[in-house]
Amino acid sequence: MKRNSRKKTEINIRIGGRLKRFRIKNGISADELAEAFGIVKDSLLRIENGSTGLSSEYAYILATRYNCDMNYLFGGVISEAERIRVQKDVREEDSQCMARLLHYIADLVAEK
């Protein structure tokens, strides 16, 4: 028996709705996101309405290019304490990167 790939599932509807809310909230047009995914706009709209599932490749693009939180997208819940811990870790990593960059620039300037 052939499975109907256009059948909407509750999971696809939820994820698609969250994707659409994320896209609109962040001012990303359907055309822009479809282009980032390498698909036509109609295919993106099918993902957003739940007719088609979101692939891991597209989720990766959302996370890396658009900084989309996968917990939000897939309906996971993150505690406030975990969110604060992650933010602190990110700030610390950013500070370390900035320090390395400034040292590198200072070394370049010192060479001249």
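That block above? That's the structure.
Not measured: the values here are computed from a predicted model.

Chemist: How should the pattern of salt bridges be read in this particular structure?
Modeler: A side chain of one charge can pair with a side chain of the opposite charge if their charged atoms are brought near each other. With the rule as written, the count across this model stands at 2 salt bridges. Measuring nitrogen to oxygen at the nearest pair gives 3.3 Å for the salt bridge that ties Glu10 to Arg14. Of this pair, Glu10 and Arg14 are both found in helix α1 (residues 10–25), 4 residues apart, which corresponds to roughly one turn of the helix.

Chemist: Could you clarify how one ought to interpret the side chain of Asn12 in this entry?
Modeler: Mapping Asn12 onto the fold places it in helix α1. Taking relative accessible area as the criterion, Asn12 reaches 19% and is therefore assigned buried.

Chemist: I'm lost on unusual backbone geometry in this one. Help?
Modeler: If a residue is not glycine, its phi is most likely negative; likewise, a peptide bond is most likely trans. For Asn67, which is not a glycine, the phi torsion comes out positive at approximately 55°. Structurally, Asn67 is set in the loop between α4 (56–66) and α5 (70–74). Owing to a relative accessible area of 67%, Asn67 belongs among the exposed residues under this scheme.

Chemist: For this particular structure, what's the right way to read the packing of aromatic side chains?
Modeler: Describing an aromatic ring pair means giving the distance of the ring centres and the angle of the ring planes. Counting across every chain of the model gives 1 aromatic pair. Summarising the aromatic geometry, the rings of Phe37 and Tyr58 are spaced 4.5 Å apart at their centres and angled 10° between planes, so their arrangement reads as stacked. Within this pair, whereas Phe37 is found in helix α2 (residues 30–37), its partner Tyr58 is found in helix α4, the two being separated by 21 residues in sequence. Exposure remark for Phe37: the relative accessible area of 5% places this residue in the buried category.

Chemist: Got a minute to help me understand a nonpolar patch on the surface in this structure?
Modeler: Together, Met98, Leu101, Leu102, Tyr104, Ile105, Leu108 and Val109 give the surface a local cluster of nonpolar side chains, amounting to about 680 Å² of exposed area. Among the structural elements, Val109 can be located in helix α6 (residues 80–111). By relative accessible area, Val109 is classed as exposed at 58%.

Chemist: When you look at α2 in this model, what are you seeing that I'm missing?
Modeler: Side chains of residues three or four places apart in an α-helix project in the same direction, reflecting 3.6 residues per turn. Taken as a whole, α2 has its buried residues at Ala30, Leu33, Ala34, Ala36 and Phe37. Looking down the long axis of α2, one finds its buried residues gathered within 160° of arc, a one-sided arrangement. Along its buried surface, α2 packs onto α1, α3 (41–48) and α4. Residue Gly38 follows α2 closely and has a positive phi angle near 80°.

Each value, and the rule that gives it
Residues numbered from 1 in each chain as written. Predicted model: local features only at pLDDT ≥ 70, side-chain atom pairs only at ≥ 80, totals over all residues. Heavy atoms only, no water. Salt bridge = Lys/Arg side-chain N within 4 Å of Asp/Glu carboxyl O. Helix = DSSP H or I, 4+ residues; strand = E, 2+ residues; numbered from the N terminus. Buried < 20%, exposed > 50% of the residue type's maximum accessible area, 1.4 Å probe, protein only. Phe/Tyr/Trp six-rings, centres within 6.5 Å; stacked < 30°, edge-to-face > 60°. Patch = residues over 30% accessible without salt bridge, like charges linked within 9 Å, V, L, I, M, F, W, Y side chains within 5 Å. Areas by Shrake-Rupley, 256 points an atom, 1.4 Å probe, with all protein chains shown as cover. Arc of directions from axis to C-beta. Contact = heavy atoms within 4.5 Å.

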